[in-house]
Amino acid sequence: MQIYSDSFQDGAFIPVQFAFAKADPASHIVLSDNRNPHLAWSGVPGGVKSFAVICHDPDVPSAGDDVNQEGKTVPANLRRVDFCHWVLVDLLPTASAVAEAQFSRGVTPRGKAGPEITGDLAPLRQGVNDYTGWFAGDKDMSGDYFGYDGPCPPWNDALMHHYIFTVYALDLVRLPVDGKFTRADALAAMQGHILAQASLTGLYTLNPALAPK
């Protein structure tokens with residue numbers, strides 16, 4: 001099974017329109033277009049009954065003491081943890097792509113609705129991403145962040161972040177998760193049902209010292 005994107009190449013920098021935030025010389029960061037990228041896959045095995053898409057960043061600082069603090073840097077050797085940016089499940093077995101901006105256009109304060117997606121995209125469902133926890137104490141932004149919300153690494157992080165988009169081919173018509181399900185919930189429900197998978201990795205930073213020239 002293979003995966004590719006018209007939005008960025010594997011191992012390349014993700015364009016700012018697919019990020020939650022972009023660098024700003026005056027305020028460090030400002031909100032960006034937050035469009036989900038195009039993804040497409042091929043070489044699918046027989047017996048597929050649905051697909052799932054997950055995006056996560058494995059490079060998030062395990063401690064937030066220095067995150068986005070003036071005069072400080074998040075050291076590259078700090079232990080890192082996963083941060084989920086997207087969980088999309090129950091794509092039909094005939095699906096072979098996700099279009100750019102099909103599921104996200106702009107930042108939605110307090111999060112996009114979910115988990116069900118109505119209209120032409122039904123019966124798709126989206127889980128909550130980890131901005132749900134990140135904004136939990138923010139009076140203006142707190143809420144359940146369903147679907148895709150793109151990169152927003154600390155602007156003072158010395159480490160380039162990697163965003164891994166993975167498509168899973170499953171032998172399940174409907175993934176057995178409900179409500180405000182998470183990446184962990186989806187991965188647990190997939191165990192024993194993955195026929196094939198493929199991943200694509202993009203890079204992103206808000207640190208001007210690391211950004212491509």
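1. Observations concerning the overall build of the protein chain
Helix and strand counts for the protein chain come out as two helices and ten strands. Along its sequence from the N terminus, the protein chain presents helices and strands in the succession β-β-β-β-β-β-β-β-α-β-α-β. Along the first, second and third principal axes, the C-alpha atoms of the protein chain reach 55 × 35 × 30 Å. Out of the 213 residues in the protein chain, the part that is buried amounts to 47%. Residue pairs at least 24 apart in sequence account for 75% of intrachain contacts in the protein chain once pairs closer than 6 positions are excluded. Just so you have it, the protein chain exposes about 9800 Å², and 53% of that area is on carbon and sulfur atoms. Between the mean site of the 15 positive side-chain charges and the mean site of the 23 negative ones, the protein chain shows a separation of 2 Å.

2. Things to note about the sheet that holds strand β10 (residues 194–204)
Spatial strand order, β8-β6-β5-β9-β10: five strands in an open sheet with antiparallel pairing. Across the chains shown, the open sheet's two edge strands, defined by having one partner strand only, are β8 (125–126) and β10. Sheet topology places strand β5 (residues 50–61) next to strand β9 (residues 161–170); seven bridges connect them, and they run antiparallel. Residue pairing for β9: Ile54 is matched across the bridge by Thr166. Together, β5, β6 (80–91), β9 and β10 form the strand contacts of helix α2 (residues 183–190), whose direction differs from that of β5 by roughly 130°.

3. Looking at the pattern of salt bridges
Evaluation of the coordinates by the stated rule reveals ten salt bridges. Note that Asp140 and Lys139 form a salt bridge whose closest N and O atoms lie 3.5 Å from each other. Salt bridges here are not isolated pairs; linked through shared partners, they connect Asp90, Arg125, Arg174 and Asp178.

4. Considerations on the nonpolar core
Counting residues in hydrophobic clusters, the biggest one holds 30 residues, and the most contacted among them are Leu39, Trp86, Leu88, Leu91 and Phe165. Those residues in contact with Phe165 that lie beyond four places of it in its chain are Ile3, Phe8, Ile14, Pro37, Leu39, Ile54, Cys55, Trp86, Tyr148, Ala198, Ser199 and Leu200. The next biggest cluster of nonpolar side chains, apart from the first, holds 14 residues, and it includes Leu170, Leu175, Val177 and Phe181.

5. Observations concerning the sheet that holds strand β1 (residues 2–4)
Note: strands within a sheet are paired through backbone hydrogen bonds, in either parallel or antiparallel orientation. Strand order across the open sheet formed by three strands is β1-β4-β7, with antiparallel pairing between neighbours. At either margin of the open sheet sits one strand with a lone partner, and together these are β1 and β7 (97–98). Note: β1 against strand β4 (residues 39–42), three bridges, orientation antiparallel. Note that in β4 the partner of Gln2 across the bridge is Ser42.

6. Observations concerning the packing of aromatic side chains
Scanning all chains against the criterion turns up eleven aromatic pairs. On the numbers, 5.4 Å between centres and 50° between planes, the contact of Trp41 with Phe51 is tilted. Pair noted here: Trp41 is in strand β4 and Phe51 is in strand β5, with a separation of ten residues, a long-range link. Each of the two residues, Trp41 as well as Phe51, counts as buried.

Reading the values: the criteria
Residues numbered from 1 in each chain as written. Predicted model: local features only at pLDDT ≥ 70, side-chain atom pairs only at ≥ 80, totals over all residues. Heavy atoms only, no water. Helix = DSSP H or I, 4+ residues; strand = E, 2+ residues; numbered from the N terminus. Buried < 20%, exposed > 50% of the residue type's maximum accessible area, 1.4 Å probe, protein only. Contact = heavy atoms within 4.5 Å. Areas by Shrake-Rupley, 256 points an atom, 1.4 Å probe, with all protein chains shown as cover. Lys, Arg positive; Asp, Glu negative; His and termini not counted. Charge placed at Lys NZ, Arg CZ, Asp CG, Glu CD. Pairing = 2+ DSSP bridges. Axes fitted to C-alpha atoms, helices over the stretch in contact; angles between N-to-C directions. Salt bridge = Lys/Arg side-chain N within 4 Å of Asp/Glu carboxyl O. Core = buried A, V, L, I, M, F, W, Y, C linked by side-chain atoms within 4.5 Å. Phe/Tyr/Trp six-rings, centres within 6.5 Å; stacked < 30°, edge-to-face > 60°.

So yeah, pure geometry; function would need other evidence.
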